[in-house]
Amino acid sequence: MHSFMHRLNNLVTFAAVLLAVLCAAASFLDAFNSPSVHAHAEVIKINRFRKQLSGNDEASLTLNISMDLRSLFTWNTKQVFIFLAAEYETSKNSLNQISLWDHIVPDKDHAEFQAQVANKYPLIDQGSNLRGKKFELVLHWHVMPRTGRMIQDKMAVSSFYLPEAYT
Ligand SMILES: *[C@@H]1O[C@H](CO)[C@@H](O)[C@H](O)[C@H]1NC(C)=O
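On a predicted model such as this, the values are computed, not experimentally measured, just so you know. (Residues numbered from 1 in each chain as written. Predicted model: local features only at pLDDT ≥ 70, side-chain atom pairs only at ≥ 80, totals over all residues. Heavy atoms only, no water.)

### A few points about the packing of aromatic side chains
Counting across every chain of the model gives 4 aromatic pairs. Centroid distance Phe81 to Phe83: 6.0 Å. Interplanar angle 40°. Geometry classified as tilted. With a centroid separation of 4.9 Å and 10° between ring planes, the pair formed by Phe135 and Phe160 is classed as stacked. Of the two residues, Phe135 sits in strand β7 (residues 134-145) while Phe160 sits in strand β8 (residues 151-161), which places them 25 residues apart along the sequence. Phe160 matches Phe135 in its accessibility class, with the two residues each being buried. By way of ring pairs, the aromatic residues Tyr88, Phe135 and Phe160 are connected into one cluster. (Phe/Tyr/Trp six-rings, centres within 6.5 Å; stacked < 30°, edge-to-face > 60°. Helix = DSSP H or I, 4+ residues; strand = E, 2+ residues; numbered from the N terminus. Buried < 20%, exposed > 50% of the residue type's maximum accessible area, 1.4 Å probe, protein only.)

### Description of the nonpolar core
Counting residues in each nonpolar core, the largest one holds 35 residues, and the members touching the most others are Ile82 and Leu123. Elements with a contribution of two residues or more to this core: β1 (38-51), β2 (57-68), β3 (77-88), β4 (96-105), β5 (112-118), β7 and β8. Excluding its chain neighbours within four sequence positions, the residues that come into contact with Ile82 are Met67, Leu69, Trp101, Asp102, His103, Val105, Phe113, Leu139, His140 and Trp141. (Core = buried A, V, L, I, M, F, W, Y, C linked by side-chain atoms within 4.5 Å. Contact = heavy atoms within 4.5 Å.)

### What to know about the domain arrangement of the protein chain
Per the domain assignment, the segments making up the protein chain are domain 1 (1-32) and domain 2 (35-161). In this assembly, 5 residues from domain 1 lie in contact with 7 residues from domain 2. Put simply, domain 1 and domain 2 have 0 salt bridges between them. Applying the counting rule to domain 1 against domain 2 returns 0 residue pairs in polar contact (both at pLDDT 80 or more). (Domains from an automatic or database assignment. Salt bridge = Lys/Arg side-chain N within 4 Å of Asp/Glu carboxyl O. Polar contact = N/O pair within 3.5 Å; in protein donor to acceptor, adjacent residues only side chain to side chain.)

### Some words on the sheet that holds β7
Strand order in this open sheet of 4 strands is β4-β3-β7-β8, and the pairing throughout is antiparallel. If you trace the sheet from one side to the other, it starts and ends with β4 and β8, each paired once. Neighbour to neighbour, the strand axes of the sheet diverge by 20° on average, direction disregarded. Bridge analysis of β3 against β7 gives 10 bridges, and the strand direction is antiparallel. Opposite Ile82, over in β7, you have Trp141 as the bridge partner. (Pairing = 2+ DSSP bridges. Axes fitted to C-alpha atoms, helices over the stretch in contact; angles between N-to-C directions.)

### Digging into the site of the ligand
Close contacts around the ligand come from Ile44, Asn64, Ser66, Gln114 and Gln116, and that covers them all. Between the ligand and Asn64, the relevant distance is 2.4 Å, taken from an oxygen atom to a side-chain nitrogen or oxygen of the residue. Protein contact buries 43% of the 360 Å² of open area that the ligand shows by itself. Elements that contribute at least two residues to the shell around the ligand include exactly β2 and β5. Tallied by class, the residues present in the shell around the ligand amount to 1 nonpolar, 4 polar and no charged. (Near = heavy atom within 4 Å. Areas by Shrake-Rupley, 256 points an atom, 1.4 Å probe, with all protein chains shown as cover. Nonpolar A, V, L, I, M, F, W, Y, C, P; charged D, E, K, R; others polar.)

### What about the pairing of β7?
Judged by how many residues are buried, β7 sits mostly within the fold: 9 of 12 residues are covered. In terms of strand pairing, β7 meets β8 through 10 bridges, oriented antiparallel. Among the inter-strand pairings, Trp141 is bridged to a residue of β8, identified as Asp153. Linking two consecutive strands that pair antiparallel, namely β7 and β8, is a turn of 5 residues; a positive phi of about 100° is found at Gly148 within it.

Below is the structure:
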């Protein structure tokens, strides 16, 4: 009996050590996987641009998005969360960042796609600063691993100007 418990204990200890080693290896390998993300997104249409009754500018857009995120998927990748942000400057804030669209990529088979989408979230300013304003479209991605820490990165994909007049 004693010997059985002793052996069981050894086995459990061995399993725990093995798991720790595998987790460390997974994080280590991730650090050496330098992914190359190919992405393009641009505004192809301004559907509406107006000042709300509250006084804040609001725009809705159609985006043409294409990306290849397959390189972000390793055996340690659970899923990838992406969002496309419109980033712009105003006198009040040096960086205004508004998420226009987001998506969860569940696996490598769904990591390459092309789509035309309307903004999921409205582009609303804190005020009426958007006429003629220049924006950068920035793709952000968060790689959620099975083990280890989350990796986040971003890349600017294009820029656009809102018109000088409301539609
Ligand atoms: C959308 O993007 C794809 C791939 O970049 C391109 O082939 C297509 O012509 C674009 N469509 C429009 C309407 O701009």
